[in-house]
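# Survey of secondary and tertiary structure
So the chains spell out like this:
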Amino acid sequence: MLDFFSVFSRGGILLWCFKGAEDIFASDWAQFRPAVNAFIKTVLLQEMASKNCTYESGSLALKYKLDNEFDLVFIAGYQKMLPLYYLDKLLDEIQLRFRDKYLNVLKESNFFHSFDFSAEFQRTLKLVENDAKHSENRRKTEMRTFEDSSKSKKSIASMIEKKDGPGRGSHKRGEDQEATANGLNSSSVDDNKNELDEETRMANLSALQKKLVKKGNKAKSPKADKKGKTKTTWDPFMFGGKGATGEEARNLERGPKEGAHGGINDDHQMAQFVPDSSVIGASATIQQIEEDSSDDDEELLSRKANDTQSGGLWSSLSSLVGSKSLTEKDIEPVIVKMQDHLISKNVASDVAVKLCESVANNLEGKVLGTFSTIHRTVKESLNGSLMKLLTPKRRIDIIRDVMEAKANKRPYVMAFCGVNGVGKSTNLAKICFWLIENKCRVLIAACDTFRAGAVEQLRTHTRRLNNLHPASENGGVPLVELYEKGYGKDAAGIALEAINYARNNRIDVVLVDTAGRMQDNEPLMRALAKLIAVNAPDLVLFVGEALVGNEAVDQLVKFNAALADHSSQANPHLIDGIVLTKFDTIDDKVGSAISMTYITGQPIVFVGTGQTYTDLKNLNAKAVVQALMK
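In what follows, the accompanying structure is described. All residue numbers here refer to positions counted from 1 along the written sequence of the relevant chain. Local features in this predicted model are restricted to residues whose pLDDT is 70 or higher, and side-chain atom pairs enter the listing and the counts only when it is 80 or higher, whereas totals over whole chains, interfaces and linings include all residues. Calculation of side-chain values draws on the structure's entire complement of heavy atoms; hydrogens and water are dropped beforehand.

Numbered from the N terminus, helices here are DSSP runs of H or I no shorter than four residues, and strands are runs of E no shorter than two. Along the backbone of the chain there are 21 helices and 13 strands. Between buried and exposed lies partly exposed: a residue is buried under 20% and exposed over 50% of the maximum accessible area for its type, with that area taken using a 1.4 Å probe on protein chains only. The buried share among the 630 residues of the chain stands at 40%. By sequence separation, contacts in the chain at least 24 residues apart represent 73% of the contacts at least 6 residues apart. The method behind every accessible area is Shrake-Rupley, applied with a 1.4 Å probe, and residues are considered shielded solely by the protein chains displayed. Accessible area of the chain: about 36,700 Å², with a carbon and sulfur share of 52%. By definition, residues are in contact when any of their heavy atoms lie within 4.5 Å.

Quick look at the pattern of salt bridges now. Each reported salt bridge corresponds to a side-chain nitrogen of Lys or Arg within 4 Å of a carboxyl oxygen of Asp or Glu. One pass over the full model with this rule turns up 23 salt bridges. In this structure, E93 and R97 form a salt bridge, with 3.4 Å as the shortest nitrogen-oxygen distance. Of this pair, E93 and R97 both sit in helix α2 (residues 87-101), separated by 4 residues, roughly a single helical turn. The residue E380 makes a salt bridge to R376 at a minimum N-O spacing of 3.4 Å. Taken as a pair, E380 and R376 lie in helix α13 (residues 374-390) at a separation of 4 residues, close to a single helical turn. Overlapping salt bridges bring together E93, R97, E120 and R123 as one network.

Okay, the nonpolar core next. The set of buried Ala, Val, Leu, Ile, Met, Phe, Trp, Tyr and Cys residues whose side-chain atoms join them within 4.5 Å is what this entry labels a nonpolar core. M414 and F606 are the most contacted members of the largest nonpolar core, which totals 114 residues. Among the elements that take part in this core, helix α15 (residues 424-437) stands out by supplying 8 residues, more than any other. Contacts of F606, omitting those with residues within four sequence positions, involve I286, I398, I431, W434, L541, I578, V579, L580, L616 and K617.

This part takes up unusual backbone geometry. Of note, the phi angle at R506 is positive, near 55°, even though the residue is not glycine. One can find R506 in the loop between α17 (491-504) and β9 (509-514). With phi around 55°, K582 is a residue other than glycine that occupies positive phi space. Within the secondary structure layout, K582 lies in the loop between β11 (577-581) and α20 (591-600). Residue classification places K582 among the partly exposed residues on the basis of a relative accessible area of 29%.

Below, the discussion takes up the sheet that holds strand β13 (residues 616-617). Taken in spatial order, the 8 strands line up as β8-β7-β9-β6-β10-β11-β12-β13 in an open sheet, and their pairing is mixed. Only two strands of the sheet have a single neighbouring strand rather than two, namely β8 (480-483) and β13. One requirement defines pairing of two strands: DSSP has to find at least two bridges between them. The sheet contact formed by β11 and strand β12 (residues 604-608) spans 3 bridges and is parallel. Paired with V579 across the bridge in β12 is F606. On the sheet, helix α16 (residues 454-468) packs against β7 (442-447), β8 and β9 and is oriented at approximately 165° with respect to β8. Only the stretch in contact is used when fitting a helix axis, every axis being a line fitted to C-alpha atoms; angles between N-to-C directions are given from 0 to 180 degrees.

We now examine the pairing of strand β5 (residues 72-79). Within β5, 7 of the 8 residues are buried, leaving the element largely enclosed by the surrounding structure. Relative to β5, strand β1 (residues 4-9) runs antiparallel, the two sharing 6 bridges. Each bridged residue has a counterpart across the sheet, and for S9 the counterpart in β5 is L72. Two elements, strand β4 (residues 60-67) and β5, share 8 bridges in a ladder whose sense is antiparallel. Pairing of D67 across the sheet is with L72, part of β5. In this antiparallel pair of consecutive strands, β4 and β5, the connection spans 4 residues, and D71 shows a positive phi of 55°.

Here the focus is the pairing of strand β3 (residues 54-57). Pairing analysis gives 4 bridges linking β3 to β4, with the strands arranged antiparallel. Residue Y55 lies in a different strand from β4, and its bridge partner there is L62. Between β3 and β4, which pair antiparallel one after the other, the connecting turn spans 2 residues, and G58 there sits at a positive phi close to 65°.

Turning next to the state of the cysteines. Count a disulfide wherever a pair of cysteine sulfur atoms falls within 2.5 Å. Within this structure, the stated rule accounts for 0 disulfides. C432 takes part in no disulfide bond, and the closest cysteine sulfur, belonging to C440, lies 9.9 Å away. For C432, a relative accessible area of 0% translates into the label buried.

A few words on the layout of surface pockets. Space inside the largest pocket adds up to approximately 780 Å³. For the lining of the largest pocket, the elements supplying multiple residues, two or more each, are β4, α2, α11 (328-344) and α12 (349-363). Using a 1 Å grid laid over the protein atoms alone, points where a 1.4 Å probe fits but cannot get out form a cavity; open sets with protein on both sides within 12 Å along at least 5 of 7 lines form a pocket; any residue with an atom within 4 Å of a point counts as lining. Grid points are joined across faces, edges and corners, and a volume is the space filled by probe spheres set on the points.

Turning our eyes to something else, we now look at the packing of α15 against α16. Contact geometry of α15 with α16 gives a least axis separation of 11 Å together with a crossing angle of 25°. Relative to α16, the element α15 is oriented roughly parallel. In this structure, α15 meets α16 at a crossing whose hand is right-handed. In contact with S425, T426, L428, A429, C432, F433 and I436 of α15, α16 contributes Q457, L458, H461, L465 and L468. Orientation categories follow fixed angle ranges, with anything under 35 degrees roughly parallel, anything over 145 roughly antiparallel, 65 to 115 roughly perpendicular, and all other angles oblique. What makes a crossing left-handed is the near helix being turned counterclockwise from the far one by less than a right angle; a clockwise turn instead makes it right-handed.

What follows covers helix α19 (residues 550-565). Expected helix span is given by 1.5 Å per residue-to-residue step, counting one fewer step than there are residues. For α19, which comprises 16 residues, the first-to-last C-alpha distance of 23 Å matches the rise-based estimate of 22 Å (1.5 Å per residue) to within 8%. Taken together, the buried positions of α19 are A552, V553, Q555, L556, F559, N560, A562 and L563. Looking at the buried residues of α19, the elements they touch are α12, β6 (412-417), α18 (522-535), β10 (539-545) and α20.

A word on α11. An ideal rise of 1.5 Å per residue puts 24 Å on 17 residues; α11 measures up with 24 Å between its terminal C-alpha atoms. Residue V334 marks the point of greatest curvature in α11, where the axis turns by about 25°. Buried within α11 are the following residues: D330, I331, V334, I335, M338 and L342. Contacts from the buried residues of α11 go to α12, α13 and α21 (621-628). Downstream of α11 by one or two residues, N346 has phi in the positive range, about 80°. A residue's bend is the angle separating two fitted axes: one through the seven residues that end there, the other through the seven that start there.

With respect to topology, 5 strands assemble into an open sheet ordered β2-β1-β5-β4-β3, the strand pairing being antiparallel. Edge strands, defined here as strands with exactly one partner in the open sheet, are β2 (14-19) and β3. The sheet shows a mean angle of 20° between the axes of neighbouring strands, direction not considered. Against the sheet, α2 contacts β1, β2, β4 and β5, and its axis sits at roughly 40° relative to β4.

Moving on: the environment of G493. In this structure, G493 sits in helix α17. Along the sequence, G493 and C447 sit 46 residues apart, while their C-alpha atoms lie 8.8 Å from each other.

Looking now at the packing of aromatic side chains. Any two aromatic rings considered together are summarised by their centre-to-centre distance and by the angle between their planes. In this analysis, rings of Phe, Tyr and Trp, with Trp reduced to its six-membered ring, are considered paired at centre separations within 6.5 Å, and the interplanar angle assigns stacked below 30 degrees, edge-to-face beyond 60, and tilted for intermediate values. Under the counting rule described, the total for this entry stands at 17 aromatic pairs. Ring geometry for F5 versus F121: centroids 5.1 Å apart, planes at 45°, classification tilted. A residue pair is termed long-range when its members are at least 10 positions apart, and F5 in strand β1 and F121 in helix α4 (residues 118-139) qualify at 116 residues. When sorted by exposure, F5 lands in the same class as F121, which is buried. Judged by centre distance (5.7 Å) and plane angle (45°), the rings of Y483 and Y501 are tilted. Of this pair, Y483 sits in strand β8 while Y501 sits in helix α17, and the two are 18 residues apart along the sequence. An aromatic cluster is defined as three or more aromatic residues linked by ring pairs; in this entry it consists of F5, W16, F18, F74, F98, Y102, F115, F117 and F121.

Right, here's the structure in full:
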């Protein structure tokens, strides 16, 4: 049963609405309102329309049709467990009848007109339902008797399968039939066949013997002489003090060296992380990714070259002037090329397909403007969709949130999660540097109790960051501290202790570093869900590398699903944002940013572009789309 049907503009003005039944509508309309609002937010605002024009929300389903010429939306709601197979035809009929009845009003965009469409809708609904019933009855035919079936006309011999198929066996049967037809004795035919088989067997044996003899005469290639391994010089503190001594031992020692006055000398690797000392104290603001300004000029030159090759001004005018509304047949070739282009730019294949389907649905029925080509129209529509996708849907101001948490006398907690080797600890140190540049005290919670060297890596970053901002410049209080309990401990317990320590010592921010884990490892995903549920961080950041393509979709979907499934809370805390790392290694293949944002609907908060502490950027949506559409 159809629960409701409504017609509204893309601007949000309700033109007309149909109520399925008064009692059902009164009790269940509260369930449809969130579904319609979610549909507007996802399909219309974020332009995530699907090819089958269906949107599901819980037990409810919405079937819709977009009229891009007059910016109208026709939407029908029903229970998902009771599908209505005539809705496609109903939507087409209602769209045509509504347009025909109010054509002049729609041309003037007078959406505040009184639209009385109930009688026409009821008449159309009955026609479509009756036609659907007749079609169903026509499909239900009476069962045929055995005599009417083609199987009754087959003989028993025709239904017996022979082991010798239509190839060699049929050829043998043909020889037998031919011999019988010529009056030959069947026994003589069998004798000839046996002789032929014996000759074939002997020939095969002789060929096999020759092959074995030839193989045995082959000489084995001599093995290359293996060189011995170079002797390894070990650290003097290993194996009971044996190994390198003297100058070699001093060169191998990488730890901090005590100076003449008992202080720590400059870190010999500091230049690798902060090559320009002038940025210290001047990096409170994160810069955006730079745009490529030469792209527009190159596009203009290429378009002029294409116009010249196609026969000058008149040929270009004949292909540019818009004279008809776009159809699916017109859009499909361009959409296919755009889809292949997105996949070549490292966009996940599923995401590329859905994006192109959404663009096609938004363009179908739209009238081309003057001096517009189909290719350019599709490209501009895709550009707009990508810009909307990458633009954050909510405010992202971490420093302001830190100040609010500080006013409430509690620390602001950020948790980092992701798969192995994506750069969680390194980018955590970059974010820590940005926070101390904004005069925030930071506590790093070493909750990666599994990977060897994880605690030592964070300890090294803590020492270097404190060297950049010495405690003597901050009233004798270090800006960065490390809270660690070694290896093999419960990560959720360490994070809880770290948060309590930060609260007691008036530390502003707690950065929780977690162990890398694959999205299919259920015990580790359960431990991550426990850590987030117990400590309730303010911000959960997924750290993903820009090198991945389809894997980004699998990682984010399964991380979010694990956080939801393994949490005991009614409203589990999912991923709030993304840290995109290794962005400097991908050139113009920036599709992972599109894939990750499309899957989660969450913004990319930080972008890592190098190894130094200052290589932390904000995502520039225009620059990413520009690189993607090259």
